[in-house]
Amino acid sequence: MIHTLIIDGNSLFKIGFHGVKNFYNDEQHVGAIFHFISTIKKWLVDGGYNKVVVFWDGPRNKIKRREIYPPYKEGRKRDKMREDSESFRYQQNRIKQYLEELFVRQGIYEYAEADDCIAYYCQNSPKEKKTIYTVDKDLTQLISKDVKVYLASTKTELTHEDKIPLRHIAIPPSNMPLVKILVGDSSDNFGGIEKLGEKSLLKMFPKVVEEDINFDYIFDISKEIINESPKNVIANNILKGKSREGEFGSEFYSMGTKLIDLKNPILKEESKKDIDELINSPLDPTDRHWKNIMKLMMEDGLFRFLPKKDDGWSEYLQPFIKLGRIEKKKYKKQK
């Protein structure tokens, strides 16, 4: 069985970029680089993974969802300023160079968000057991018997037997899209049903924390509530599709599903074909060599952060050398 670690590249990168502040090579910040590589190393050692895939948000990645919902992820000027910094761009591009040499698969596609790439990968790799590393709770909707999610923000691993903790309730993974559509999500700048929050959702629809539910259940219960209390504001808002941005009717749920539910990832066909390659094809080992890694590490001054012993560098790289052997064996077998 293939055990695959799937990494939300932007999530892991930003943890190191903003959190590992004191790692410098002369005047160049390298904390994000060292943290990214070291985190993968730790997971290879502790988790027994024999395949690693990193997905990044691609160029113009918000455009497709903004065609569905124009305010999507607006109001992130502070993050944009950081991402425009020279250090941010240098370290992110540098990490991609390291990953190529370390036999870590990676994907980045125009118009595509990493979430969609990860969703497509999980849906089309039935022979693999997968763990997703992220800070994004949106990806918990992908949890199944073959998919776990590690939330780096809380250092929590969630499986199909767990409930997803939100602010006031905990729900089955399959209910994540529905709840996010109904209640809204500030990180995506998506306003849910007006006056509906997690507490009122639980009060009106108690099954939401216990079992899989769908919008038909929500609509049926809302109609029952209105039959008993015609002026119930929240139930009326649900049936009218009235959000904080206006009244949309059934279009509100169609729009929300396209925006939030990852059952149908928003990807171009060529991007899907490339991800299929990441799933099914071995990496070509040509020109990949640990000496190239040594050169990158020397240029970035990473050796100074390793344990002060003669075999510190080889011990550090050993999990990646092992990963490389696995990929070389697959490549040779296919040839």
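Here, every reference points to the structure presented above.
Fair warning: this is a prediction, and the values are worked out from it, not measured in the lab. (Residues numbered from 1 in each chain as written. Predicted model: local features only at pLDDT ≥ 70, side-chain atom pairs only at ≥ 80, totals over all residues. Heavy atoms only, no water.)

Asks: Explain a negative patch on the surface to me, please; I cannot follow it from the model alone.
Replies: On the surface, Asp-216, Asp-220, Glu-224 and Glu-228 cluster together into a negatively charged patch. Within the element layout of this structure, Asp-216 appears in helix α9 (residues 215-228). Under the relative-accessibility criterion, Asp-216 is labelled exposed at 52%. (Patch = residues over 30% accessible without salt bridge, like charges linked within 9 Å, V, L, I, M, F, W, Y side chains within 5 Å. Areas by Shrake-Rupley, 256 points an atom, 1.4 Å probe, with all protein chains shown as cover. Salt bridge = Lys/Arg side-chain N within 4 Å of Asp/Glu carboxyl O. Lys, Arg positive; Asp, Glu negative; His and termini not counted. Charge placed at Lys NZ, Arg CZ, Asp CG, Glu CD. Helix = DSSP H or I, 4+ residues; strand = E, 2+ residues; numbered from the N terminus. Buried < 20%, exposed > 50% of the residue type's maximum accessible area, 1.4 Å probe, protein only.)

Asks: In this structure, what is going on with the pairing of strand β1 (residues 2-8)? I would like to understand it.
Replies: The side chains of a regular strand alternate between the sheet's two faces. Buried residues dominate β1, accounting for five of its seven residues. Of the pairings in the sheet, the one linking β1 to strand β6 (residues 128-134) comprises six bridges and is parallel in character. In the strand pairing of β6, Ile-2 is matched with Glu-128. (Pairing = 2+ DSSP bridges.)

Asks: What exactly am I supposed to notice about helix α12 (residues 269-280) here?
Replies: Two residues of an α-helix separated by three or four positions point the same way, owing to the 3.6 residues in each turn. Over its twelve residues, α12 runs 16 Å from end to end, which matches the ideal 16 Å to within 8%, given 1.5 Å per residue. The set of residues buried in α12 consists of Ser-271, Lys-272, Ile-275, Leu-278 and Ile-279. All buried residues of α12 project into a common sector of 110° when viewed along the axis, lining one side. Facing away from the buried surface of α12 by more than 90 degrees, the exposed residues are Lys-273 and Asn-280. Turning to α12, the residues buried within the fold contact β4 (51-55), β5 (105-107), α6 (114-123) and β6. (Expected span 1.5 Å × (residues − 1). Arc of directions from axis to C-beta. Contact = heavy atoms within 4.5 Å.)

Asks: Would you explain the sheet that holds strand β8 (residues 156-158) in this entry?
Replies: Sheets are built from strands that pair by backbone hydrogen bonding, the pairs being arranged parallel or antiparallel. Ordered by their spatial adjacency, six strands build an open sheet running β5-β4-β1-β6-β7-β8, and the pairing between neighbours is mixed. Looking at the sheet topology across the chains shown, the edges are occupied by β5 and β8. In this sheet, adjacent strand axes meet at a mean angle of 20° when their direction is disregarded. Two elements, strand β7 (residues 147-151) and β8, share three bridges in a ladder whose sense is antiparallel. (Axes fitted to C-alpha atoms, helices over the stretch in contact; angles between N-to-C directions.)

Asks: Sorry if this is basic, but what is going on with the layout of surface pockets here?
Replies: Rolled over the atoms, a probe with the dimensions of a water molecule shows which regions are left empty. For the second largest pocket, the calculated volume is near 390 Å³. Looking at which element gives the most residues to the lining of the second largest pocket, the answer is helix α14 (residues 312-334), with six residues. Broken down by class, the residue content of the lining of the second largest pocket amounts to five nonpolar, five polar and eight charged. (1 Å grid on protein atoms, 1.4 Å probe; cavity = no way out; pocket = protein on both sides within 12 Å on 5 of 7 lines; lining within 4 Å. Points joined across faces, edges and corners; volume = space filled by probe spheres on them. Nonpolar A, V, L, I, M, F, W, Y, C, P; charged D, E, K, R; others polar.)

These figures come from the coordinates and say nothing about function on their own.
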